[in-house]
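# A look at the structure
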Amino acid sequence: MDIFDQAQELERLEREAALSRARNASAHGREGPEWIDGVACCRECGEPIPPARLAAVPGVGLCKACQEEMEAGS
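Since the model is a prediction, treat every value here as computed from it, not as a measurement.

### Digging into the overall build of the protein
Scanning the protein from N- to C-terminus turns up 3 helices and 2 strands. Each helix and strand of the protein, placed in order from N terminus to C terminus, yields the pattern α-β-β-α-α. Sorting the 74 residues of the protein into buried and exposed places 22% on the buried side. With the model as given, the accessible surface of the protein reaches about 5500 Å², and the carbon-plus-sulfur share is 55%.

### So, the layout of surface pockets
Within this model, the largest pocket holds a volume of roughly 260 Å³. Ala-18, Arg-21, Arg-53, Val-57 and Gln-67 are, among the 14 residues lining the largest pocket, the residues nearest its centre. Among the elements of the structure, helix H1 (3-27), helix H2 (51-56) and helix H3 (64-73) are those that each provide at least two residues to the lining of the largest pocket. Considering every element that reaches the lining of the largest pocket, the biggest residue donor is H1, with 6 residues. When grouped by side-chain class, the residues that make up the lining of the largest pocket number 6 nonpolar, 1 polar and 7 charged.

### Considerations on the confidence of the model for the protein
A low pLDDT means the predicted coordinates there should not be read in detail. Of the residues in the protein, 86% reach a pLDDT of 70 or more, and the chain-wide mean stands at 85. The weakest mean pLDDT in the protein belongs to H1 at 83; the strongest belongs to strand E2 (residues 39-41) at 93.

Reading the values: the criteria
- Residue positions are given per chain, counted from 1 along the sequence in the order it is written.
- Residues qualify for local features only when their pLDDT is at least 70, as the model is predicted, and side-chain atom pairs are given and counted only at 80 or more; totals for whole chains, interfaces and linings, by contrast, use all residues.
- Side-chain calculation: all heavy atoms of the structure are included, whereas hydrogens and water are not.
- Strands here mean DSSP runs of E at least two residues long; helices mean DSSP runs of H or I at least four residues long; both are numbered from the N terminus.
- Note on classification: 1.4 Å probe, protein chains only; a residue is buried when its accessible area is under 20% of the maximum for its type, exposed when over 50%, partly exposed between these limits.
- The Shrake-Rupley method, run with a 1.4 Å probe, gives the accessible areas here. Residue values count only the displayed protein chains as cover.
- Definitions used for this entry: grid spacing 1 Å over protein atoms alone; cavity, a set of points where a 1.4 Å probe fits but cannot get out; pocket, an open set with protein on both sides within 12 Å along at least 5 of 7 lines; lining residue, one with an atom within 4 Å of a point.
- Grid points are joined across faces, edges and corners, and a volume is the space filled by probe spheres set on the points.
- Only Asp, Glu, Lys and Arg are considered charged in this grouping, and only Ala, Val, Leu, Ile, Met, Phe, Trp, Tyr, Cys and Pro are considered nonpolar; every other residue, Gly among them, is considered polar.
- Confidence scores per residue from the predictor, reported as pLDDT, run from 0 to 100.

Okay, here's the thing in C-alpha cells:
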C-alpha cells in the first residue's frame, strides 16, 4: 500500500466517522435542522445551513461551526 492508498483510506475512515457522529447526534434528540421561513437553519445558532452540508450529511441539525464546537466539548 503506497502513501496515496493510505491517504485515501484515511479520508474514507474520517468520512465514515463523521457520518457516524451525525447519525448518533440524530439518535440523541438532534433530529434535522430547524426550518425558518423554508430555510434549513442550525438548531444552536439559527444561521442557515448551506445546501452542500445538508447534501453531505442528510438530517444534520447543526452548522459546521456549532458541530465542531459540540465535538470539541465532548
